[in-house]
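Chains, contacts and geometry: an overview
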Amino acid sequence: GAVVSQHPSRVICKSGTSVKIECRSLDFQATTMFWYRQFPKQSLMLMATSNEGSKATYEQGVEKDKFLINHASLTLSTLTVTSAHPEDSSFYICSAEHGHNQETQYFGPGTRLLVL
Amino acid sequence: GESVGLHLPTLSVQEGDNSIINCAYSNSASDYFIWYKQESGKGPQFIIDIRSNMDKRQGQRVTVLLNKTVKHLSLQIAATQPGDSAVYFCADFTGGGNKLTFGTGTQLKVEL
């Protein structure tokens, strides 16, 4: 099956620093990737849709200048949390759309971010 | 706004029993539904899906039922095993879009 990886799997950083999270589709090309955030004991909330070669589309309430998304190739999207604060501590999960089938998304294993 | 939600936040079952996890959705335009399993510290894992033109679909040990009249779907797990312990989410696609909306999740605990 299609595999999506994320790196790093967990990261601890100091408040005010920036953290980059990578999402890769390992055996397929993904024109579209999605970034979700999940707080403890809660559901996944879509943050943004990452489109290869164009600007990301952010959901309402998500600051685009704080959560920078770059989708430079068909197999890689990155999410950079800029000037991270403790309230940004969360589980960040990406998914990749397989080919042109909008209904088929494969999820990555997630990245645990802890901001001290 | 439109949302997909669950009735029970936690479900405890005995090993070997059947589990039923419920989900209510509010968007009548939703036409495709997916159940995901999420183990602690991992990403969601696809379990089974169903389209709005169906009311039942079966997989290996799992069955999804869809009742469009009351906007309700359920996931049935037969002969629940310890490895089934996880959080289960329903999610839906609204027709014409590629965004998934996740429900609130149900924690399934399997007791030995």
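Throughout what follows, the structure given in this document is the object of discussion. Bear in mind the structure is a predicted one, so any value in this text is a computation, not a measurement.

We now examine the overall build of chain A. Looking only at helices and strands, one finds 0 helices and 11 strands in chain A. For the C-alpha atoms alone, the extent of chain A along its principal axes is close to 40 × 25 × 20 Å. Burial statistics for chain A: of 116 residues in total, 48% are counted as buried. Within chain A, contacts between residues separated by at least 24 positions form 54% of all contacts whose residues are at least 6 apart in sequence.

Tallying the contact residues gives 20 residues for chain A and 19 residues for chain B. Taken together, both faces of the contact between chain A and chain B bury some 1400 Å²; the carbon and sulfur share is 51%. For the pair chain A and chain B, the interface holds 1 salt bridge. Inspection of the chain A/chain B interface yields 4 residue pairs in polar contact (both at pLDDT 80 or more). Listed by contribution, the elements that provide at least two residues to the side of chain A that touches chain B are strand S4 (32-38), strand S5 (45-51), strand S9 (90-97) and strand S10 (105-107) of chain A. When residues of the side of chain A that touches chain B are assigned to their parent elements, the largest contribution, 4 residues, is made by S4 of chain A.

Before going further, it helps to spend a moment on the packing of aromatic side chains. As enumerated under the stated definition, the model contains 10 aromatic pairs over all chains in all. Following the ring pairs from residue to residue traces out a cluster consisting of Tyr36 and Phe107 of chain A together with Tyr36, Phe89 and Phe102 of chain B. The ring of phenylalanine 67 of chain A has lysine 66 of chain A sitting right over it, with the charged end atom 5.9 Å from the ring centre. Above the ring of tyrosine 32 of chain B, the side-chain terminus of arginine 51 of chain B is found at 4.3 Å from the ring centroid.

Residues and elements named next belong to chain A. Taken together, the 4 strands give an open sheet; going across it, the order is S1-S3-S8-S7, and neighbouring strands pair in antiparallel fashion. At either margin of the open sheet sits one strand with a lone partner, and together these are strand S1 (4-7) and strand S7 (67-73). On average, adjacent strands in this sheet sit at an angle of 15 degrees to one another, irrespective of strand direction.

Turning to the nonpolar core, a few remarks are in order. Counting residues in each nonpolar core, the largest one holds 24 residues, and the members touching the most others are Trp35, Phe67, Leu79, Tyr92 and Leu113 of chain A. Listing elements by their share of this core, those giving two or more residues are strand S2 (10-13), strand S3 (19-25), S4, S5, S7, strand S8 (76-81), S9 and strand S11 (111-115) of chain A. Val13, Leu75, Ile77 and Ala86 of chain B belong to the second largest nonpolar core, which has 20 residues in total.

Another point: the pairing of S8 of chain A. Residues and elements named next belong to chain A. The buried fraction of S8 amounts to 6 of the 6 residues, a majority that puts the element mostly inside the structure. Relative to S8, S3 is paired through 6 bridges, and the arrangement is antiparallel. Residue pairing across strands places lysine 20 opposite threonine 80, the latter belonging to S8. Examined bridge by bridge, S7 and S8 share 5 bridges and lie antiparallel to one another.

Bringing unusual backbone geometry into the picture now. Residue histidine 7 of chain A is joined to proline 8 of chain A through a cis peptide bond whose omega torsion reads 0 degrees. Here proline 8 of chain A is to be found in the loop between S1 and S2. For arginine 61 of chain B, which is not a glycine, the phi torsion comes out positive at approximately 70 degrees. Its place among the elements puts arginine 61 of chain B in the loop between strand S6 (56-58) and strand S7 (62-67). We classify arginine 61 of chain B as partly exposed; its relative accessible area is 29%. Even without being a glycine, alanine 79 of chain B presents a positive backbone phi close to 45 degrees. Assessed through its relative accessible area of 36%, alanine 79 of chain B is described here as partly exposed.

Cut-off values and rules
Residues numbered from 1 in each chain as written. Chains lettered and ligands numbered in written order. Predicted model: local features only at pLDDT ≥ 70, side-chain atom pairs only at ≥ 80, totals over all residues. Heavy atoms only, no water. Helix = DSSP H or I, 4+ residues; strand = E, 2+ residues; numbered from the N terminus. Buried < 20%, exposed > 50% of the residue type's maximum accessible area, 1.4 Å probe, protein only. Contact = heavy atoms within 4.5 Å. Buried area = accessible area lost by both parts, 1.4 Å probe. Salt bridge = Lys/Arg side-chain N within 4 Å of Asp/Glu carboxyl O. Polar contact = N/O pair within 3.5 Å; in protein donor to acceptor, adjacent residues only side chain to side chain. Phe/Tyr/Trp six-rings, centres within 6.5 Å; stacked < 30°, edge-to-face > 60°. Lys NZ or Arg CZ within 6 Å of the ring centre and 35° of its normal. Pairing = 2+ DSSP bridges. Axes fitted to C-alpha atoms, helices over the stretch in contact; angles between N-to-C directions. Core = buried A, V, L, I, M, F, W, Y, C linked by side-chain atoms within 4.5 Å.

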